[in-house]
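# Survey of secondary and tertiary structure
Below, each chain spelled out in residue letters.
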Amino acid sequence: MKLLKPTWVNHNGKPIFSVDIHPDGTKFATGGQGQDSGKVVIWNMSPVLQEDDEKDENIPKMLCQMDNHLACVNCVRWSNSGMYLASGGDDKLIMVWKRATYIGPSTVFGSSGKLANVEQWRCVSILRSHSGDVMDVAWSPHDAWLASCSVDNTVVIWNAVKFPEILATLRGHSGLVKGLTWDPVGKYIASQADDRSLKVWRTLDWQLETSITKPFDECGGTTHVLRLSWSPDGHYLVSAHAMNNSGPTAQIIEREGWKTNMDFVGHRKAVTVVKFNPKIFKKKQKNGSSAKPSCPYCCCAVGSKDRSLSVWLTCLKRPLVVIHELFDKSIMDISWTLNGLGILVCSMDGSVAFLDFSQDELGDPLSEEEKSRIHQSTYGKSLAIMTEAQLSTAVIENPEMLKYQRRQQQQQLDQKSTTARETGSTASVAGVVNGESLEDIRKNLLKKQVETRTADGRRRITPLCIAQLDTGDFSTAFFNSIPLSGSLVGTMLSSQSSPQLLPLDSSTPNSFGASKPSIEPVAAAGTRPAGDSVSKDSVNATSTPAASSPSVLTTPSKIEPMKAFDSRFTERSKATPGAPALTSVTPTAVERLKEQNLVKELRPRDLLESSSDSDEKVPVTKPSSLSKRKLELEVETVEKKKKGRPRKDSRLMPVSLSVQSPAALTAEKDTMCLSVPAPALKLPMPGPQRAFTLQVSSDPSMYIEVENEVTAVGGVKLSRLKCNREGKEWETVLTSRILTAAGSCDVVCVACEKRMLSVFSTCGRRLLPPILLPSPISTLHCTGSYVMALTAAATLSVWDVHRQVVVVKEESLHSILAGSDMTVSQILLTQHGIPVMNLSDGKAYCFNPSLSTWNLVSDKQDSLAQCADFRSSLPPQDAMLCSGPLAIVQGRATTSGRQAARLFSVPHVVQQETTLAYLESQVAAALTLQSSHEYRHWLLLYARYLVNEAPPAPEGLACCLAPPHDPPAQLFLQEFSATYAPSPGGAPTPCWSAESK
Amino acid sequence: MAKVSVLNVAVLENPSPFHSPFRFEISFECSEALADDLEWKIIYVGSAESEEFDQILDSVLVGPVPAGRHMFIFQADAPNPSLIPETDAVGVTVVLITCTYHGQEFIRVGYYVNNEYLTPELREHPPLKPDFSQLQRNILASNPRVTRFHINWDNTTDRLEAVENQAPALGCGAALSCTPVKGLGLPGCIPGLLPENSMDCI
């Protein structure tokens, strides 16, 4: 065994709380305290492993440092794929990092040259949910989930393919949760907390499997962390700090029956961290000795507050090695290399130690195949224990596996097109924006720079965008409707064709997805080299020896690292690199589209679950005296600013337990025999599930629980519906299985098999005898007293159950779903009972009951929206605050418009016209949706714009004035004329006063 | 986390005569589209002795700022010589570039500036009353001092409520409040602007 303390791995003397080695072994991350923030540093591994590399000045030691955490970082963990790094800290946040491939090395402006970041890691998701310090994070096998635990006593399970979606919040600990570990088979997750318990949770339903307290009864003082670990064969779980006969131990818990008979004893103070070697070993075959097959064993490192480290083999009774006085302070984290022969240990004293073992000492590691054979013989086939190669060819035995395979295929396609994109863009050598090189731009920047005056006479410069971010979020079909010119077209189309399709699939592993289409869509291809040369410049400016001239735009050496990274990346996932030709992109994209539709068909629930009644409540304006409430509001508003559809994301978080039961397979059969002669359109239907829960609203807390076929009375199986509203509970039984449920503050309704729809009051009274639907249910929604049912035959009905009237009667979606490949991606029912359908092509229609027409209220590809620039008329802080149905269906599409205007320099007059037209359509849409708040917002904007831009006689104004019965609008008009009436010159005052009487 | 990070500031036309305008090419990166404009300022420190001689050469709004890398040129007129104490006209002083979002300063870039006469004769025998037309301004571009501050990038509820409660006024008039500032940004030097770590970015 060799021991090394690389002194250069430090956080300038500040404590290091966490260390993790990248799965490919080339780098590792540390997390801890920075100067005045939390700090994550990515280090090069080779200088640790090889002395030559350590001495070689050309080999960088530090690859990247991120100071983005606001407070101390407690944990850093690489995903199993190595693509992401998750970090959690005292600032209650978890940040997920991804390597940005488009920028080369750059310095931190203002710091001396050696602090250059060799690699660029960019935060792609910030996960907010915990109300206290995040202590530990852990990726599940195959990176499907990310778990985090916190001093707020909870464990949160995040959907790692769809950040920031929360799948479950595990409550049950009554103390600070300080450690997490996944079962290598993916069946359980275990957490250890200060409440003297270790809890094991099932991943099937995220419920508690067992809580182990006995070994922890005597535990006194607290440790900073309690990092427990599961053995790679899955048989043992080893806890951090436990006590046995008043001596500190690491408790061994057997998977079989959760027995606690064994422990690792010897440390003099509490055990802070346990980490199993990822490999399973077998005895080294010595030459000449009998080939007696020995039992495989595991290896485990234990670190303690007593500053010593012990390494154990499960086949030995004594530790393999104990190292005392390794540090000056407590050991905080341990990480094994993937080959199982090295470990990095970090300490509160701010230093890191590396231990290197030989195979003679540990034994022969089993290959991954052997390991998975052990898993399979013990646990049977399951998702987590199969290697990727096996999975892609394996016989599908359960729905999880099917899902996984589909996802894999899609990812491969994604990667293919990404590769194609990258290659394409490098080939098309275009350091140009709109046909100009960056150098030209710089020369003329001052002349060309757009400078305007704001209403109060201040100078306002529109910055020139020189590169967009490489985080993979692009606006939907941005370029379709905008005339392009010059060389830009080719590069952009090639580089963007695949991302354009991305937002169509709501399950894309894209953290921002369609909800945030505000990313600057400049030619990615064209500007990438430009970005490079900028960073070069910054090197020059900060007086580092400059090797090459800044004007060189695309030297091969600069692009190479990126390529290298890509090819490695592709190899890892066993995908074939895409052809460099641009043409190859299109077929792939088309394939992808098909794929997505397929996926969509498969997962109707996921898709249709997305809207809700709680979307409607607009709490922002409510003055609130309770500070707690206020805090909540704050959270929500922040969320709102972050994403286009805030209510849905921040509040709803549909608790969907997609427990796939065999019943799901029979769904198709059921509907076949029930349904009316199949119409051309067929929407996805929810299959019956054994049980599911639905959160109706969180304030007041209200949720619905459904259990199908719970009790059998004389051969008839009954289903149970339970509703809990602020602790008050009622339940009832139904005779057929419940397919889907929905609720609002006024009603709860459930759709059952045999096309039955039952409606209850929130107190549990049945309001109507079951309604017979014309065809099986597809989606059900409630808002206030309105109930909306969308059937599989694509007919829509809305009833007001309190007034007992029909609002929309079996209206067909034929007219809006004309294209065969379109689906409904989001459904919304406004407070006034107006249904809104968001379609997969980016259009949104609402049904106008008084006219019996479908009205187009939003179109993501609308060129008006993209050219409109009314920013000058926005009140300063009010930018995107308006919430309501229109904002929800439109997302933040509006922001992209300004960029278009800027990028393609639309003539001012044209822009004015488009802006006016756009604003008018917004006003009309808000009116049709009967959303008075938004109506007011847009009308105000419109008026402001007219005043600011002062075009001749605003005819349009007269047409869009409020109907007399709309009190908010009336009120607003009065306010408005009061404000604007005295304004001199050009203001359309007469027009206003005439109409507002 | 900071949504905007400054990638580079290039000092253009340096050195140059005292009366010619300052010109900086600023590149920055924004990780998430900003709802409001950034406000940039150039502050010329007239005298190291006192803040009262600080001159705000110019302040400009920059926006809209979507996510991505951006650049612009910030040009400001030369300082008004009549506001500079005669004793401090020649010698080393400081020019600051600051950027604020929602009135909170999150970055301050400071450069040393050396003003000296061009001709050796004048250097040897400087006139009693400084002759600004003969002065050359040299910005030590290779050595910027950068100080970053944590600020709240998101709107606070209070702010929103304030807006809601107001009559829908025309007011785009964000008050042009300028904290008097001094010195090159070492965190400790600026009492009012301690780089605090308490920002709550829920």
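Residues numbered from 1 in each chain as written. Chains lettered and ligands numbered in written order. Predicted model: local features only at pLDDT ≥ 70, side-chain atom pairs only at ≥ 80, totals over all residues. Heavy atoms only, no water.

### Thoughts on the overall build of chain B
Broken down by element type, chain B carries 2 helices and 10 strands. Listed N to C, the secondary structure of chain B is β-β-β-β-β-β-β-β-α-β-β-α in terms of helices and strands. Relative to its full complement of 202 residues, chain B shows a buried share of 55%. Look at the contacts in chain B between residues 6 or more apart in sequence, and 70% of them connect residues 24 or more apart. Accessible surface, chain B as shown: approximately 8,200 Å² in total, 54% of it carbon and sulfur. (Helix = DSSP H or I, 4+ residues; strand = E, 2+ residues; numbered from the N terminus. Buried < 20%, exposed > 50% of the residue type's maximum accessible area, 1.4 Å probe, protein only. Contact = heavy atoms within 4.5 Å. Areas by Shrake-Rupley, 256 points an atom, 1.4 Å probe, with all protein chains shown as cover.)

### Re the overall build of chain A
A tally of helices and strands in chain A yields 23 helices and 51 strands. Burial analysis of chain A (997 residues in total) assigns 58% to the buried set. For chain A, restricting intrachain contacts to residue pairs at least 6 apart in sequence, the fraction spanning at least 24 positions comes to 57%. Summed over its atoms, the accessible surface of chain A is roughly 39,600 Å², and 54% of this surface lies on carbon and sulfur atoms.

### Observations regarding the packing of aromatic side chains
To describe a pair of aromatic rings, you give the distance between the ring centres and the angle between the ring planes. Enumeration according to the criterion identifies 27 aromatic pairs over all chains in this entry. With a centroid separation of 6.1 Å and 15° between ring planes, the pair formed by Phe22(B) and Phe24(B) is classed as stacked. Take Phe22(B) and Phe24(B): they sit in the same class, and that class is buried. Lying across the ring of Trp8(A), Lys61(A) places its NZ or CZ 5.7 Å from the centre. (Phe/Tyr/Trp six-rings, centres within 6.5 Å; stacked < 30°, edge-to-face > 60°. Lys NZ or Arg CZ within 6 Å of the ring centre and 35° of its normal.)

### A closer look at the nonpolar core
Core analysis: the biggest nonpolar cluster contains 42 residues, and Phe24(B), Ile26(B), Phe28(B), Leu38(B), Trp40(B), Phe106(B) and Tyr111(B) have the highest contact counts within it. Of all the elements, strand β8 (residues 104–117) of chain B adds the most residues to this core, at 6 residues. One finds Met45(A), Val48(A), Trp182(A) and Phe354(A) within the second-largest nonpolar core, a separate group that totals 35 residues. (Core = buried A, V, L, I, M, F, W, Y, C linked by side-chain atoms within 4.5 Å.)

### Overview of the sheet that holds strand β14 (residues 177–182) of chain A
All names here are of chain A. What the 4 strands build is an open sheet, ordered β14-β15-β16-β17; its pairing is antiparallel. The open sheet has two edge strands, β14 and β17 (208–212), and neither has a second partner. Neighbouring strand axes in the sheet, compared pairwise and without regard to direction, differ in orientation by 20° on average. With 5 bridges connecting them, β14 and strand β15 (residues 188–193) associate as antiparallel partners. Note that in β15 the partner of Trp182 across the bridge is Ile189. (Pairing = 2+ DSSP bridges. Axes fitted to C-alpha atoms, helices over the stretch in contact; angles between N-to-C directions.)

### Considerations on unusual backbone geometry
Residues and elements named next belong to chain A. Here the residue pair Phe163 and Pro164 is connected by a cis peptide bond, since its omega of 0° sits within 30 degrees of zero. Considering the arrangement of structural elements, one finds Pro164 in the loop between β12 (155–159) and β13 (166–170). In this model, Trp206 sits at a positive phi of 55°, which is unusual for a non-glycine residue.

### Thoughts on the pattern of salt bridges
Throughout the structure, instances matching the rule amount to 28 salt bridges over all chains. Across the pair Arg460(A) and Asp37(B) runs a salt bridge, and its minimum N-O distance is 2.4 Å. Here Arg460(A), found in strand β34 (residues 459–462), pairs with Asp37(B), found in the loop between β3 (22–30) and β4 (38–45), and the two come from separate chains. The class for Asp37(B) is buried, based on a relative accessible area of 17%. Taking the shortest distance from any N to any O, the salt bridge between Glu86(B) and Lys129(B) comes out at 3.2 Å. Taken together, the residues span a long stretch of sequence, with Glu86(B) in the loop between β6 (68–76) and β7 (91–101) and Lys129(B) in the loop between α1 (120–124) and β9 (135–139) at a distance of 43 residues. For Glu86(B), a relative accessible area of 45% translates into the label partly exposed. (Salt bridge = Lys/Arg side-chain N within 4 Å of Asp/Glu carboxyl O.)

### So, helix α19 (residues 908–928) of chain A
Along its 21 residues, α19(A) runs 30 Å from first to last C-alpha, staying within 8% of the 30 Å computed at 1.5 Å per residue. Count one or two residues on from α19(A) and you reach Gln930(A), which has phi positive near 55°. (Expected span 1.5 Å × (residues − 1).)

### Quick word on the side chain of Asp143(A)
Residues and elements named next belong to chain A. When you line up the elements, Asp143 lands in the loop between β10 (134–139) and β11 (145–150). Side-chain polar atoms of Asp143 contact the backbone nitrogen of Ser81, separated by 2.9 Å. Apart from residues lying up to four places away in sequence, Asp143 is in contact with Ser79, Asn80, Ser81 and Ala160. (Polar contact = N/O pair within 3.5 Å; in protein donor to acceptor, adjacent residues only side chain to side chain.)

### Section: the packing of α19(A) against helix α20 (residues 932–949) of chain A
Residues and elements named next belong to chain A. Contact geometry of α19 with α20 gives a least axis separation of 8 Å together with a crossing angle of 160°. As far as their axial angle goes, α20 and α19 are roughly antiparallel. In the packing of α19 onto α20, the handedness of the crossing is left-handed. Seen from α19, the contacting residues are His908, Gln911, Gln912, Thr915, Leu916, Tyr918, Leu919, Glu920, Gln922, Val923, Ala926 and Leu927; seen from α20, they are Glu934, Tyr935, Trp938, Leu939, Leu941, Tyr942, Tyr945, Leu946 and Glu949. (Parallel < 35°, antiparallel > 145°, perpendicular 65-115°, else oblique. Left-handed = near helix turned anticlockwise from the far one by under 90°.)

### Quick word on the UniProt feature "repeat: WD" (unreviewed entry) in chain A
According to UniProt, the "repeat: WD" (unreviewed entry) feature falls on residues 66–98, 127–159 and 170–201 of chain A. Across residues 170–201 of chain A one finds 0% helix and 56% strand; the C-alpha atoms that close the span lie 8 Å apart. (UniProt positions renumbered as here; feature names shortened; annotations may be inferred.)

### Things to note about the environment of Glu705(A)
Residues and elements named next belong to chain A. Secondary-structure assignment places Glu705 in strand β37 (residues 701–713). What makes Glu705 partly exposed here is its relative accessible area of 26%. Note: C-alpha distance between Glu705 and Gln695 (10 residues apart in sequence) is 8.6 Å. With residues near it in sequence (within four places) discarded, Glu705 still touches Phe692, Thr693, Arg720, Leu721 and Lys722.

### Side note on the side chain of Asp152(A)
Residue and element names in this part refer to chain A. Looking at where Asp152 falls in the secondary structure, it is placed in the loop between β11 and β12. Buried within the structure, Asp152 lacks any salt-bridge partner; Arg171 is the closest side chain of opposite charge, at an N-O distance of 6.9 Å. Polar side-chain contacts of Asp152 include one of 2.9 Å to the backbone nitrogen of Ser131. Within polar-contact distance, the side chain of Asp152 engages the side chain of Thr154 at 2.7 Å. Beyond its immediate stretch of four places on either side in the chain, Asp152 contacts His130, Ser131 and Gly132. (Lys, Arg positive; Asp, Glu negative; His and termini not counted.)

### Describing the sheet that holds strand β50 (residues 843–848) of chain A
Sheets are built from strands paired through backbone hydrogen bonds, the pairs being either parallel or antiparallel. All names here are of chain A. Here we have 4 strands laid out as an open sheet, ordered β48-β49-β50-β51, and antiparallel in their pairing. With partners counted over all chains shown, the strands left at the sheet margins are β48 (824–829) and β51 (853–859), one partner each. Between one strand and the next, the sheet's axes are offset by a mean angle of 25°, whatever the strand orientation. Examined bridge by bridge, strand β49 (residues 835–839) and β50 share 3 bridges and lie antiparallel to one another. By the bridge assignment, Asn838 is partnered in β50 with Ala844.

### With respect to the environment of Gly342(A)
All names here are of chain A. Residue placement: Gly342 occurs in strand β28 (residues 342–347). Taking the relative accessible area as the measure of exposure, Gly342 reaches 2% and is therefore buried. Remark: the alpha-carbon pair of Gly342 and Phe354, spanning 12 residues in sequence, is separated by 7.0 Å.

### Let's talk about α20(A)
Given a rise of 1.5 Å per residue, 18 residues ought to cover 26 Å, and the 25 Å separating the end C-alpha atoms of α20(A) matches this to within 8%. Buried residues of α20(A): Glu934(A), Tyr935(A), His937(A), Trp938(A), Leu939(A), Leu940(A), Leu941(A), Tyr942(A), Ala943(A), Arg944(A), Tyr945(A) and Leu946(A), and no others.

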